[in-house]
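Report on the structure
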Amino acid sequence: MDDHDPLTPRSPAEAYPLLKGAVGPILDRNEEARAAFDAMCERGLSEEEAREEIARVLLAVMFHIGAGSDRLTAAGGGGGLRSEAYRRLGEGETARQIFEG
């Protein structure tokens, strides 16, 4: 018998679909995320592509929180880092450019 909780990923590859599922509620509740999403769609990204960019931001912010990074500290915490990333997504950058640059 498999006692595995279906909401707990067994591997990193399983975590991404769970994270993508969180994007809808975030877009419903977070004005900054919604503004970034709308701006990306207006620039020609599909809704799926824009949702993936939001999911990538969430994943990157979780990494910085877990690592206690200097960038997290400089942004004033996870909320500050998310806000910065959503603003930059809205301005035309990708999550990769934001977090790898």
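Each remark here, short or long, concerns the structure printed above.
Every chain's residues receive numbers from 1 upward, in the order its sequence appears when written. A pLDDT threshold of at least 70 governs which residues receive local features in this predicted model, and a stricter bar of 80 or more applies before side-chain atom pairs are shown or counted, although totals over entire chains, interfaces and linings include all residues. In computing side-chain values, all of the structure's heavy atoms are included and hydrogens and water are not.

A few words on the overall build of the chain. We count a stretch as a helix when DSSP gives it H or I for four or more residues in a row; a strand needs E for two or more, and each element gets its number in order from the N terminus. A count of helices and strands for the chain gives six helices and zero strands. Ordered by position from N to C terminus, the α and β elements of the chain give α-α-α-α-α-α. Burial status across the chain gives 29% buried among its 101 residues. The criterion used for residue contact is that any of the two residues' heavy atoms lie within 4.5 Å. Taking all contacts inside the chain whose residues are at least 6 apart in sequence as the whole, residues at least 24 apart take part in 53%. Note on areas: Shrake-Rupley, 1.4 Å probe, and residue coverage restricted to the protein chains presented here. Accessible surface, the chain: about 6,300 Å² in total, of which carbon and sulfur atoms supply 53%. For the exposure calls, accessible area comes from a 1.4 Å probe over protein chains only, and a residue counts as buried if that area is under 20% of its type's maximum, exposed if over 50%, partly exposed in between.

Let us look at the nonpolar core. Nonpolar cores were defined as sets of buried Ala, Val, Leu, Ile, Met, Phe, Trp, Tyr and Cys residues, with membership established by side-chain atoms within 4.5 Å. Ranked by size, the top nonpolar core spans 22 residues in total, and within it I54, V57, Y86, L89 and F99 carry the most contacts. At seven residues, helix α3 (residues 47-67) tops the list of elements feeding residues into this core. Setting aside chain neighbours within four positions, we find F99 in contact with V57, A60, V61, H64, R71, L81 and A85.

Quick look at the pattern of salt bridges now. Any Lys or Arg side-chain nitrogen found within 4 Å of a carboxyl oxygen on Asp or Glu counts as a salt bridge. Taken as a whole, this structure holds eight salt bridges when the rule is applied. In this structure, R34 and D38 form a salt bridge, with 3.3 Å as the shortest nitrogen-oxygen distance. A residue pair is termed a helical-turn pair when its members lie 3 or 4 positions apart in one helix, as R34 and D38 do in helix α2 (residues 31-42) at four residues. Judged by relative accessible area, which is 31%, R34 ranks as partly exposed. Note on D38: relative accessible area 32%, which makes it partly exposed. For E91, the salt bridge goes to R87, with nearest N and O atoms at 3.1 Å. Among the charged side chains, a salt-bridge network with shared partners connects R71, E84, R88 and E93.

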